[in-house]
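Here's the letter readout for the chains.
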Amino acid sequence: MSAGTVQLREPIDSDFELIFAMRQDPVGNAMSMVYPLSRDKFEVRWNRTPESPHEVARIILFDGVVVGKIASFVAEDAVCVGYLIAQDHWGKGIATQALRMFIDLFEHRPLIAHAAKSNIGSCRVLEKCGFVKVDERDSPETERYMACVEVIYELR
Ligand SMILES: CC(C)(COP(=O)(O)OP(=O)(O)OC[C@H]1O[C@@H](n2cnc3c(N)ncnc32)[C@H](O)[C@@H]1OP(=O)(O)O)[C@@H](O)C(=O)NCCC(=O)NCCS
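Presented here is a report on the structure given in the accompanying data block.

Rules used throughout
- Residues numbered from 1 in each chain as written.
- Predicted model: local features only at pLDDT ≥ 70, side-chain atom pairs only at ≥ 80, totals over all residues.
- Heavy atoms only, no water.
- Buried < 20%, exposed > 50% of the residue type's maximum accessible area, 1.4 Å probe, protein only.
- Helix = DSSP H or I, 4+ residues; strand = E, 2+ residues; numbered from the N terminus.
- Arc of directions from axis to C-beta.
- Contact = heavy atoms within 4.5 Å.
- Near = heavy atom within 4 Å.
- Polar contact = N/O pair within 3.5 Å; in protein donor to acceptor, adjacent residues only side chain to side chain.
- Areas by Shrake-Rupley, 256 points an atom, 1.4 Å probe, with all protein chains shown as cover.
- Axes fitted to C-alpha atoms, helices over the stretch in contact; angles between N-to-C directions.
- Parallel < 35°, antiparallel > 145°, perpendicular 65-115°, else oblique.
- Left-handed = near helix turned anticlockwise from the far one by under 90°.
- Nonpolar A, V, L, I, M, F, W, Y, C, P; charged D, E, K, R; others polar.
- Disulfide = S-S within 2.5 Å.
- Core = buried A, V, L, I, M, F, W, Y, C linked by side-chain atoms within 4.5 Å.

Examining helix 1 (residues 16-24)
Part 1: For helix 1, the set of buried residues is Phe-16, Ile-19, Phe-20, Met-22 and Arg-23. Down the axis of helix 1, the buried side of the element spans an arc of 160 degrees, and every buried residue falls inside it.
Part 2: On its buried face, helix 1 sits against helix 2 (26-32), helix 3 (39-47), strand 2 (57-62), strand 3 (65-75) and strand 4 (78-85).

See the structure below:
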């Protein structure tokens with residue numbers, strides 16, 4: 001566990017390349033069971049205007065350096081949260097700190113999170129932040145996601 005400082009701030013244009021590179025990391029994608037996004041698709045998502053006040057994105061800084069992203073979004077009529085950290089910075093407690101900060105600033109409840117059951121790190125991050133497992137299901141392969149057993153967590 002590192003003693004660095006975690007901060008959240010709103011995304012800016014110059015974050016694009018760093019976050020795109022993180023989103024292409026095959027090891028990270030295998031953990032979260034997602035397929036890489038084409039640059040075009042990522043760019044469309046990056047530039048789209050939020051359709052709901054429940055869509056809030058923050059860049060994660062560690063000692064002032066961009067190391068990840070955390071965001072809320074709406075899926076299956078529920079308000080969800082997702083995050084990713086650059087592989088160079090895994091294991092420093094950053095995701096846990098960032099999620100704690102995010103749930104302080106984003107007060108909507110219940111807040112849902114989906115994690116592949118095999119993603120032990122993400123499940124642990126959620127549990128450390130007070131999320132409780134509410135369901136487990138077989139999630140089919142889609143254009144965006146790999147087939148997996150998915151755990152659904154809720155923060156009340
Ligand atoms: C999952 C992820 C967010 C974890 O980020 P992180 O900053 O390394 O997590 P933390 O350092 O806060 O770790 C929190 C806990 O999880 C554990 N953990 C983290 N990664 C782990 C791993 N790969 N295997 C086992 N445990 C792990 C840590 O040991 C820690 O537990 P502890 O406090 O009991 O020791 C990061 O690996 C990542 O971005 N992965 C790719 C994208 C992804 O999976 N996003 C989530 C989609 S649901």
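Comments concerning the site of the ligand
Part 1: Looking at the ligand, there are 22 residues lining it, with Gly-91, Gly-93, Thr-96, Arg-124 and Lys-128 nearest.
Part 2: The backbone of Tyr-83 places a nitrogen or oxygen atom 2.9 Å from a nitrogen atom of the ligand.
Part 3: At a separation of 3.5 Å, an oxygen atom of the ligand approaches a polar backbone atom of Lys-92.
Part 4: Burial of the ligand by the surrounding chains reaches 75%, relative to a free accessible area of 910 Å².
Part 5: Those elements that provide at least two residues to the shell around the ligand are helix 2, strand 4, helix 4 (94-105), strand 5 (111-116) and helix 5 (120-128).

Quick notes on the side chain of Asn-119
Part 1: Mapped onto the fold, Asn-119 is located in the loop between strand 5 and helix 5.
Part 2: Discounting residues that sit within four places of it in the chain, Asn-119 has contacts with Met-31 and Ser-32.

A closer look at the packing of helix 4 against helix 5
Part 1: Between helix 4 and helix 5, whose axes approach to 9 Å, the crossing angle comes to 40 degrees. Judged by the inter-axis angle, helix 4 sits oblique to helix 5. Helix-helix and strand crossings are classified by hand; for helix 4 and helix 5 the assignment is right-handed. Along the contact surface, helix 4 presents Ala-95, Thr-96, Leu-99 and Arg-100, while helix 5 presents Val-125, Leu-126 and Lys-128.
Part 2: Taken together, the residues of the contact of helix 4 with helix 5 break down into four nonpolar, one polar and two charged.

Quick notes on the state of the cysteines
What we call a disulfide is simply a covalent bond connecting the sulfur atoms of a pair of cysteines.
Part 1: According to the stated counting rule, one finds zero disulfides in the structure shown.
Part 2: Free of any disulfide, Cys-80 has its nearest cysteine sulfur in Cys-148, 14 Å distant.
Part 3: Just so you know, Cys-129 is unpaired, no disulfide at all, and the nearest cysteine sulfur is the one on Cys-123, 13 Å from it.
Part 4: For Cys-129, a relative accessible area of 9% translates into the label buried.

Considering the environment of Gly-68
Part 1: As for its position among the elements, Gly-68 is in strand 3.
Part 2: With 21 residues separating them along the chain, Gly-68 and His-89 place their C-alpha atoms 9.0 Å apart.

Side note on the nonpolar core
Part 1: Residues Ile-60, Val-81, Leu-99, Leu-111 and Phe-131 are the most contacted members of the largest nonpolar core, which totals 28 residues.
Part 2: Elements with a contribution of two residues or more to this core: strand 1 (6-9), strand 2, strand 3, strand 4, helix 4, strand 5, helix 5 and strand 7 (148-155).
Part 3: Top contributing element to this core by residue count: helix 4, with six residues.
Part 4: Ignoring anything within four residues of it in the chain, the contact list for Leu-99 reads Ile-70, Val-81, Tyr-83, Val-125, Leu-126, Cys-129 and Phe-131.
Part 5: Judged by nonpolar contacts, the second largest core, of 11 residues, contains Phe-16, Phe-42, Leu-61 and Ala-86.

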